[in-house]
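Single-letter residue listing:
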Amino acid sequence: MRDKPVILVTRKLPGLVEDRLKRDYQPLLNLDDRLYRPDELISMAARADAILACHTEQFTAEIIAGLPGNVRAIANFSVGYDHVDIEAAKAKGLIVTNTPDVLSDATAEIAILLMLGAARRASEGERMVRASAWKSWSPTFMVGRQVTGKRFGIIGMGRVGQVAAKRARGFDMQVHYYNRKRLSADLECGAIYHETVNDLLPNCDVLSVHCPATPETTGLLNDERIALLPGGAIVVNTGRGAVVDDEALIKALKSGQVYAAGLDVFNGEPENIHSGYLKLDNVFLLPHLGSATQETREGMGFRALDNLDAIFAGKNAKDRIA
Ligand code: 8YV
């Protein structure tokens with residue numbers, strides 16, 4: 001009988017996912033959850049038939065070129081794949097997969113948490129209570145913004161954007177969106193489509209970013225576009241930090257053009273995020289928790305394994321992106 005395929009697993013995964021890996025494959029597990037350097041990744045791949053990777057590893061053209069020929073596939077434990085040079089993977093004949101669908105609910109939950117946290121000054125209030133700095137209550141104390149009935153604008157009406165829209169409707173919000181392609185009426189559910197981001201922005205009391213990081217979306221939310229938002233808008237980002245020009249957003253947060261921001265993703269995350277955010281009271285910041293629930297992380301792992309199972313059975317992987 002043929003040996004089970006060897007899978008290089010770059011990070012520690014949920015227990016049930018590692019159990020299934022051990023049952024069906026010969027996994028090279030990362031028990032200490034250490035971040036592998038590119039050269040380590042390449043040398044550890046010497047025995048691997050595939051890599052089960054996370055968004056924390058960069059697969060640049062150079063790293064892909066350095067991978068040994070025995071590696072047939074990179075099965076990502078993420079829906080986003082901006083960390084993989086897809087063209088380089090295709091050129092090398094590497095199969096690449098991602099994990100869509102399974103994290104849409106969890107990520108949309110975080111978008112709503114960020115919206116409410118930013119609008120209602122949750123971070124500022126929480127820090128005040130913890131610091132024993134809460135001295136009085138009055139009718140004008142820590143008044144924030146109400147989102148009920150306001151306009152919720154979405155850039156990127158994919159799977160996560162659509163769930164976020166559904167949740168926002170629970171707050172009687174009117175949903176506006178920009179997407180490269182207009183959705184069919186049954187998916188739109190009454191959301192108002194705008195043909196360009198610039199057309200969308202004036203309609204966003206809350207702007208929620210759900211698009212991937214691509215050359216087209218990098219730095220999309222810049223000075224000019226932020227100026228198109230209604231004064232005092234709220235900005236939420238659960239997509240990718242790269243979509244936001246940090247200098248521009250920080251300036252707008254200081255001027256009041258943006259009332260508050262709720263951010264789960266950052267340029268330079270985790271260790272080199274723009275220090276300007278840390279000094280502001282009107283930001284609600286989370287450390288990339290979009291998909292961080294037990295059920296979702298298990299779902300992502302199982303989805304990555306479903307893709308590997310298909311690849312090693314000689315079938316089409318459902319979530320193939322290269
Ligand atoms: C993941 C994400 O937690 O799936 C994605 O694209 O951004 C996250 O929610 C992370 O990328 C895990 O690799």
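Residues numbered from 1 in each chain as written. Predicted model: local features only at pLDDT ≥ 70, side-chain atom pairs only at ≥ 80, totals over all residues. Heavy atoms only, no water.

1. What to know about the environment of His274
The line we're drawing: Secondary structure elements follow DSSP: runs of H or I of four or more residues count as helices, runs of E of two or more count as strands, with numbering from the N terminus. By the convention used here, residues are in contact when the closest approach between their heavy atoms is within 4.5 Å. Any pair of nitrogen or oxygen atoms within 3.5 Å is treated as a polar contact; in protein, a donor-acceptor pairing is required on top of that, and neighbouring residues in sequence qualify only through side-chain atoms on both sides.
For His274, the position within the fold is in the loop between strand E11 (258–263) and strand E12 (283–285). Spatially, the C-alpha atoms of His274 and Ile250 are 9.2 Å apart, while their sequence positions differ by 24 residues. With residues near it in sequence (within four places) discarded, His274 still touches Asp246, Glu247 and Ile250. A polar contact of 2.8 Å, which involves the side chain of His274, links it to the backbone nitrogen of Gly276.

2. Here's the deal with the site of the ligand
The test is simple: A molecule or strand has a residue near it when one of that residue's heavy atoms lies within 4 Å. Per-residue and other accessible areas were derived by the Shrake-Rupley procedure at a 1.4 Å probe size, with only the shown protein chains allowed to occlude residues. Basically, the charged four are Asp, Glu, Lys and Arg, the nonpolar ten are Ala, Val, Leu, Ile, Met, Phe, Trp, Tyr, Cys and Pro, and anything else, Gly included, counts as polar.
Taken together, Cys54, His55, Phe77, Ser78, Val79, Gly80, Leu103, Arg240, His288, Ser291, Arg297 and Met300 are the residues near the ligand. One of the backbone nitrogen or oxygen atoms of His55 is found 3.1 Å away from an oxygen atom of the ligand. Taking Gly80, its main chain carries an N or O atom lying 2.8 Å from an oxygen atom of the ligand. Here the ligand, which alone exposes 330 Å², has 89% of that area covered by the protein. For the shell around the ligand, the per-class residue count stands at five nonpolar, five polar and two charged.

3. Concerning the sheet that holds strand E8 (residues 192–194)
Hydrogen bonds between backbone atoms are what pair the strands of a sheet, whose relative direction is either parallel or antiparallel. Applied cut-off: Pairing between strands is defined by DSSP: at least two bridges between the two strands are required. Fitting a line to C-alpha atoms yields each axis, with helices limited to the stretch in contact; the angle taken between N-to-C directions then spans 0 to 180 degrees.
Taken in spatial order, the seven strands of this open sheet run E8-E7-E6-E9-E10-E11-E12, and their pairing is parallel. Edge positions in the sheet fall to E8 and E12, since each of these pairs with one other strand and no more. Geometrically, the sheet is characterised by an average inter-axis angle of 15° between neighbouring strands, direction not taken into account. Bridging between strand E7 (residues 174–178) and E8 involves three bridges; their strand directions are parallel. Its bridge partner being in E8, Tyr177 is matched across the sheet by Tyr193.

4. Regarding the domain arrangement of the protein chain
This is how the line gets drawn: Where each domain starts and ends comes from a domain assignment, either automatic or drawn from a database. As used here, buried area is the combined drop in accessible area, with a 1.4 Å probe, of two parts when they are placed together. Every case where a carboxyl oxygen of Asp or Glu lies within 4 Å of a side-chain nitrogen of Lys or Arg is listed as a salt bridge.
We note that the domain assignment places domain 1 (6–102 + 294–312) and domain 2 (104–285) within the protein chain. Distance from the C-alpha centre of domain 1 to the C-alpha centre of domain 2: 31 Å. At the interface, seven residues of domain 1 touch five residues of domain 2. Taken together, both faces of the contact between domain 1 and domain 2 bury some 510 Å²; the carbon and sulfur share is 44%. Summed over the shared surface of domain 1 and domain 2, the result is two salt bridges.

5. Examining helix H5 (residues 104–119)
So the rule is basically this: Expected helix span is taken as 1.5 Å per residue step, with the number of steps being one fewer than the number of residues. Exposure classes here rest on a 1.4 Å probe applied to the protein chains alone. A residue is buried below 20% of its type maximum, exposed above 50%, and partly exposed in between.
With 16 residues, H5 extends 22 Å between its outermost C-alpha atoms, agreeing within 8% with the 22 Å of an ideal straight helix rising 1.5 Å per residue. When you tally the buried positions in H5, you get 12 out of 16 residues, the bulk of the element. Positioned one or two residues after H5, Arg121 has a phi angle of 60°, which is positive.

6. A few points about the pairing of strand E4 (residues 73–76)
The cut-off we apply is this: For crossovers, right-handed means that the path from the first strand over the helix to the second runs clockwise, given strands pointing away from the viewer.
Of the two faces of E4, both are covered, the one formed by Ala73 and Ala75 as well as the one formed by Ile74 and Asn76. Here strand E3 (residues 50–53) pairs with E4 via four bridges, running parallel. In the sheet register, Leu52 faces E4, and the bridge partner there is Ala75. Pairing of E4 with strand E5 (residues 95–97) involves three bridges; the strand directions are parallel. The residue bridging Ala75 from the neighbouring strand is Thr97, located in E5. Crossover connection from E4 via helix H4 (residues 86–92) to parallel E5: handedness right-handed.

7. Describing the packing of H5 against helix H7 (residues 159–169)
We apply this condition: Any angle that is under 35 degrees is reported as roughly parallel, and any over 145 degrees as roughly antiparallel; angles of 65 to 115 degrees are reported as roughly perpendicular and all others as oblique. Helix crossings get a hand from a simple test, with the near helix turned counterclockwise from the far one by less than a right angle marking a left-handed crossing and a clockwise turn marking a right-handed one.
Look at H5 against H7: their axes get within 8 Å of each other, and the N-to-C directions meet at 50°. In this view, H5 runs oblique relative to H7, as classed from their interaxial angle. Crossing of H5 over H7 shows right-handed handedness. Counting all contacts with H5, which are made through Ser104, Asp105, Thr107, Ala108 and Ile112, the residues of H7 involved are Arg159, Val160, Val163, Ala164, Arg167 and Ala168. Taken together, the residues that form the contact of H5 with H7 break down as six nonpolar, two polar and three charged.

8. Digging into the pattern of salt bridges
This structure, assessed with the given rule, holds 20 salt bridges. A salt bridge links Arg303 to Asp101, with the shortest nitrogen-to-oxygen separation between them at 3.0 Å. Pair noted here: Arg303 is in helix H12 (residues 294–312) and Asp101 is in the loop between E5 and H5, with a separation of 202 residues, a long-range link. Note on Asp101: relative accessible area 41%, which makes it partly exposed. Among the salt bridges present, the one from Glu126 reaches Arg130, with a minimum N-O distance of 2.8 Å. Here the residue Glu126 and the residue Arg130 both occupy positions in helix H6 (residues 122–130), the gap between them amounting to four residues, near one helical turn. Owing to a relative accessible area of 39%, Glu126 belongs among the partly exposed residues under this scheme. A network of salt bridges, in which partner residues are shared, links Arg34, Arg37, Asp39 and Glu40.

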